[in-house]
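Listed here are the chains, written in short residue letters.
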Amino acid sequence: MKYVDEYRDVSLARPLVEELKKAVTKPLRIMEVCGSHTMAVFRNGLRTILPPGMELVSGPGCPVCVTSASHMDAFISMADRPGVRVAIFGDLFRVPGTKGSLAEASSRGAKVDIVYSPMDALDLAVKNPHELVVFLGVGFETTTPGIAATILTAHNTKVKNFTVFSTQKVMPAPMEALLSDPALKIDGLLCPGHVSSIIGAGTWEPLAKKYNLACVVSGFETADLLKSLILLARQVGNNDIKVENVYPRAVSWEGNLRAAKVVAEIFEPADMDWRGLGRIPASGLKIRDKYAEFDAEVRLDIKLPEAKEPKGCMCGNILKGMSTPRECPLFATRCTTANPIGPCMVSSEGTCAAYYKYGRDE
Amino acid sequence: MAEKTILLDHGSGGLASQQLISDLFLKYLDNKTLHSLEDSAILQNRRGRLAFTTDSYVVDPIFFPGGDIGKLAVHGTINDLAMRGATPYCLSLGLILEEGFALDELERIIISISEACREAGVPVVTGDTKVVPRGKGDKIFINTSGIGFVAKDIDISSKNAKEGDAVLLSGTMGDHGITIMTRRAGIAVQGDLQSDTMPLHNLVAALLAELPGDVHTLRDPTRGGVATTLNEVAAASGLTIELSDESLPIRPQVRAACELLGLEPLYLANEGKCLAIVSGNQAEKALAVMRATKEGKDAAIIGRLVAGRAGRVIVNTPVGGTRVVTPLHGMPLPRIC
C-alpha cells in the first residue's frame with residue numbers, strides 16, 4: 001500500500017529504534033495529542049521499547065473520550081424521540097451518558113444508524129423523508145470540513161429533514177487550557193497529523209514559544225512515529241525548541257485553506273464542554289444562524305441537561321496525563337471495556353481502554 | 001449481567017456473547033457435554049463417537065461477493081464439525097422466512113445450499129420452515145445443525161494445546177468480515193473483496209491423515225476473529241500465545257479497507273479459515289500439508305504457545321515491541337478518525 005508500507009518498512013524502522021536510544025539524553029515526558037497516535041503507538045508496541053527516561057502520556061485528542069456526559073445524554077434523549085433518526089460514527093455507539101448509551105437506546109427501538117461519512121447521513125435523510133435525521137457531529141478538524149460540506153450540500157439541494165448536532169471541537173485551544181495548569185509537566189507534544197493537515201503545522205508555533213514546548217507534527221506509521229520521537233528528544237536534549245513537521249506528505253505549514261473556508265462558511269467559534277476538562281472558551285464550533293435550519297439544537301429546541309461526571313471516574317485527570325488509569329478506583333473493577341463507565345474506556349483510542357486491553361504498565 | 005435488554009454486542013462473538021452464555025445459558029442448561037463450549041459436542045456410546053453442532057445465520061446482506069447466507073449456513077456447520085476432527089455426515093435445515101420475501105431470492109439460496117452440499121458431500125436430511133409476519137424478521141434466517149463421526153483416537157480440543165506447539169492459520173484473515181462491512185456501508189474498495197466462505201473438512205482430513213496425534217487443536221475463527229479465538233485457546237490451555245505481526249497473512253485489499261475504516265483485521269470474521277495448533281516439531285510438515293490443499297494454499301505459521309500468563313495473546317511487532325491482543329469487546333466498530 002503506497003504511503004503506508006514504506007513507512008512500516010522494518011529495515012528502515014529498526015535503525016530508528018537505535019537512533020532514538022542515542023537521542024534521549026535527559027528525561028522527558030511527551031504527550032501524544034491525537035487518539036490515532038495513541039493507537040499507532042500501541043499497535044507498534046512502541047511503549048515497550050522506549051529508552052529509559054522517555055515517557056509517553058496520552059492527551060485529549062480522542063474525540064469520543066472528550067464528549068461530555070451532558071452531550072451524550074442529549075444525544076440519547078434525542079434518539080428516543082419519535083420521528084428522529086440519529087446517524088453516528090461507529091465508536092459513539094457504546095459511549096455511556098449518565099443513563100445508558102445509544103446502543104441501549106437502539107435496543108429499545110430508537111433509530112440509530114452507524115455511518116462512515118456525514119454524506120451517508122444526508123442520504124439517510126433523502127431516503128427517509130418523514131423522519132428528521134440528526135448527524136451527531138463529534139470530532140476535530142479532521143471531520144469538520146466533511147460535515148460543513150454536507151450541510152452546504154443539504155442547503156444547495158434543499159433537503160429539509162437533515163440536521164447536525166455540533167459538538168465539533170478545535171485544536172489547539174484545549175492544549176492551552178491543559179498547559180496553563182502548572183501541575184502538568186510536559187516537555188513536548190507529538191502533534192496530531194490529520195488535524196494539522198487542516199490547521200497547518202504553523203498553528204503549534206505560539207504554544208511551542210509560550211510554554212517552551214518541543215513540537216513535532218507526526219504521521220501514523222512506524223517510521224513516522226520513531227522519527228518524531230527522535231526529533232522531540234533532540235529538541236529537548238539540545239534545548240532547541242521549535243515546531244518540526246515530519247509529515248510533509250500530508251501537512252503544510254499553512255494548512256488546508258480551502259477546507260478552512262468551507263468550515264468558516266458554516267461554523268463559528270463557540271465555547272464547548274469537554275469531558276474531564278470542563279468548558280473551554282472558543283474550543284468548539286456551532287452552526288451559524290444563516291444555516292440554523294440544519295442545527296439540531298435549534299430545530300429540536302434542545303437544552304443541554306446538567307450532567308455530572310460519573311462518581312469516582314478519573315477520566316479528567318487521565319486526559320490531562322496527570323493520573324494513570326491504575327490510580328482510578330473504578331479501573332478494571334467497575335469500569336471495563338465490556339462495561340465502560342468513563343469515556344477513556346469506551347473508545348478504542350481511549351487511554352484506559354489501551355491500558356486495559358494492552359496491559360500497558362505490565 | 002449488567003444489561004436489561006439484549007444488545008447487538010451480545011451477538012458479536014466477543015466478551016458480551018461469552019457473558020450471555022456463561023451467565024444465562026450455562027446457568028440453566030449446564031451439563032458435562034455442553035460445558036466445554038467447543039465448536040461441536042462429542043457424544044459417545046458403545047458404538048463410537050458422534051459430533052453434534054448447531055448454528056444460526058442472520059447475515060445482512062443475504063447475497064454478498066463470494067457467497068450468500070445459504071452457502072454460509074452449510075459451510076459454517078460443516079466447519080464446526082470439522083474443528084473437532086469429525087467427518088461431517090448430514091445436516092438439518094431450518095428456515096425462518098419473513099412475509100413478502102421474494103420467492104426467486106429464496107430459490108437462489110436453496111440452489112446455493114444444494115451446490116454447497118453437493119461439493120462438500122454432506123446432504124441436508126431433515127428440515128423445517130416457518131413464516132413470520134412482515135417486520136418480525138429480516139427476509140430470511142437459517143439454522144443448520146450437523147452430525148459427524150469422530151474416528152477412533154482423534155481427540156481435538158482447545159484444552160489440548162501444549163507448550164511449544166505451533167499456531168498455523170490456513171489462509172488470509174478478515175476476508176469475510178470486511179466484505180460484509182464494506183457492503184453494508186456501501187464502500188467500494190479497489191481490488192475485489194470477497195467472502196472466504198468454504199468448507200474445511202477436507203483440509204482437516206488431510207492434516208489428520210498426515211499428522212495423527214500431532215494436531216492438538218482446530219478452531220475456525222469466525223465472529224470475533226483470530227484474536228478472540230486464540231484468546232479462548234490460550235485460556236483453555238492455560239498458556240500464552242505469541243504471534244508474529246509480520247507472519248499474519250492478509251490480502252492487500254483487506255488491509256487497505258481496514259486502514260480506511262480503523263479496523264483491526266485480527267478481530268474480523270472468517271468463514272473459510274482454520275487455526276491449527278500442532279506439535280512444534282511438526283509445524284513445517286503441517287504447513288506443507290495445508291498448502292497442498294486448495295483451502296489452505298495461503299497457510300502460514302503465525303505463532304507458538306509458550307509458558308506465561310494463562311489466557312494471554314501477545315503480538316511481537318516488527319520493531320521489536322510487543323502488544324497484548326484481547327478478545328473482542330462489543331462489535332468491531334469503525335472509528336471516527
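Residues numbered from 1 in each chain as written. Chains lettered and ligands numbered in written order. Predicted model: local features only at pLDDT ≥ 70, side-chain atom pairs only at ≥ 80, totals over all residues. Heavy atoms only, no water.

## Side note on the sheet that holds strand β9 (residues 243-245) of chain A
Note: strands within a sheet are paired through backbone hydrogen bonds, in either parallel or antiparallel orientation. All names here are of chain A. With respect to topology, five strands assemble into an open sheet ordered β2-β1-β7-β8-β9, the strand pairing being parallel. Both edges of this open sheet fall to β2 (54-61) and β9, since each of them pairs with a single strand only. Going across the sheet, the axis of each strand differs from the next one's by a mean of 20°, ignoring polarity. Looking at chain direction, strand β7 (residues 188-191) and strand β8 (residues 214-217) are connected through four bridges and run parallel. Counterpart to L190 in the pairing with β8 is V216. Against the sheet, helix α3 (residues 35-43) makes contact with β1 (28-34), β2 and β7, and its axis sits at roughly 120° relative to β1, the strand it touches most. Sheet strands in contact with helix α11 (residues 222-238) are β1, β2, β7, β8 and β9, and its direction is about 160° off that of β8. (Pairing = 2+ DSSP bridges. Helix = DSSP H or I, 4+ residues; strand = E, 2+ residues; numbered from the N terminus. Axes fitted to C-alpha atoms, helices over the stretch in contact; angles between N-to-C directions. Contact = heavy atoms within 4.5 Å.)

## Here's the deal with the packing of helix α7 (residues 144-156) of chain A against helix α12 (residues 257-266) of chain A
Residue and element names in this part refer to chain A. Where α7 meets α12, the closest approach of the two axes is 8 Å, and the angle between their N-to-C directions is 55°. The angle between α7 and α12 falls in the class oblique. Crossing handedness for the pair α7 and α12: left-handed. Seen from α7, the contacting residues are T144, P145, A148, A149, I151 and L152; seen from α12, they are A259, V262, V263, E265 and I266. Taken together, the residues of the contact of α7 with α12 break down into nine nonpolar, one polar and one charged. (Parallel < 35°, antiparallel > 145°, perpendicular 65-115°, else oblique. Left-handed = near helix turned anticlockwise from the far one by under 90°. Nonpolar A, V, L, I, M, F, W, Y, C, P; charged D, E, K, R; others polar.)

## Some thoughts on empty space enclosed by the protein
All names here are of chain A. Under the criterion given, the structure shown has four cavities of 30 Å³ or more. Size it by volume and the second largest cavity reaches roughly 60 Å³. What lines the second largest cavity is simply C313, M314, C315, I318, C328, L330, F331, C335, G342, M345 and C352. Of the residues belonging to the lining of the second largest cavity, the class tally is ten nonpolar, one polar and no charged. (1 Å grid on protein atoms, 1.4 Å probe; cavity = no way out; pocket = protein on both sides within 12 Å on 5 of 7 lines; lining within 4 Å. Points joined across faces, edges and corners; volume = space filled by probe spheres on them.)

## Concerning the interface of chain B and chain A
The interface of chain B with chain A comprises 38 residues on the first partner and 43 residues on the second. Remark: the boundary between chain B and chain A carries two salt bridges. Note that D9(B) is salt-bridged to R94(A), the shortest N-O span being 3.9 Å. At the junction of chain B with chain A, the criterion picks out six residue pairs in polar contact (both at pLDDT 80 or more). Among the elements that make up the side of chain B that touches chain A, the one with the highest residue count is helix α8 (residues 252-261) of chain B (four residues). Taken together, the residues of the side of chain B that touches chain A break down into 18 nonpolar, nine polar and eleven charged. (Salt bridge = Lys/Arg side-chain N within 4 Å of Asp/Glu carboxyl O. Polar contact = N/O pair within 3.5 Å; in protein donor to acceptor, adjacent residues only side chain to side chain.)

## As for the domain arrangement of chain B
Residue and element names in this part refer to chain B. Domain boundaries in chain B define domain 1 (36-150) and domain 2 (158-325). Contacts between the two partners involve 21 residues from domain 1 and, on the opposite side, 22 residues from domain 2. In total, domain 1 and domain 2 occlude about 1,800 Å² of area from one another, counting both sides; carbon and sulfur atoms represent 60% of this. The largest contributions to the domain 1 side of the interface with domain 2 come from P65, N79 and M83, which together make up 30% of the buried area. On inspection of domain 1 and its partner domain 2, the count reaches eight residue pairs in polar contact (both at pLDDT 80 or more). If you tally residues by element for the side of domain 1 that touches domain 2, the top one is helix α3 (residues 69-82), at seven residues. (Domains from an automatic or database assignment. Buried area = accessible area lost by both parts, 1.4 Å probe.)

## Quick look at the side chain of T67(A)
All names here are of chain A. Structurally, T67 can be placed in the loop between β2 and α4 (69-79). T67 sits in the buried class, given a relative accessible area of 0%. Looking at T67, its side chain comes within polar contact range of the main-chain oxygen of P63, at 2.8 Å. If we ignore the near neighbours within four places in the chain, the residues touching T67 are M72, F75, V138, K169 and R275. (Buried < 20%, exposed > 50% of the residue type's maximum accessible area, 1.4 Å probe, protein only.)

## Topic: the packing of helix α5 (residues 175-185) of chain B against α8(B)
Residue and element names in this part refer to chain B. Axis separation between α5 and α8 bottoms out at 10 Å; the angle between their running directions is 50°. Considering the angle they form, α5 stands oblique to α8. The two elements α5 and α8 cross, and the hand of that crossing is left-handed. Contact residues: D175, I178 and T182 in α5; V254, A257, C258 and L261 in α8. Its residues assigned to classes, the contact of α5 with α8 comprises five nonpolar, one polar and one charged.

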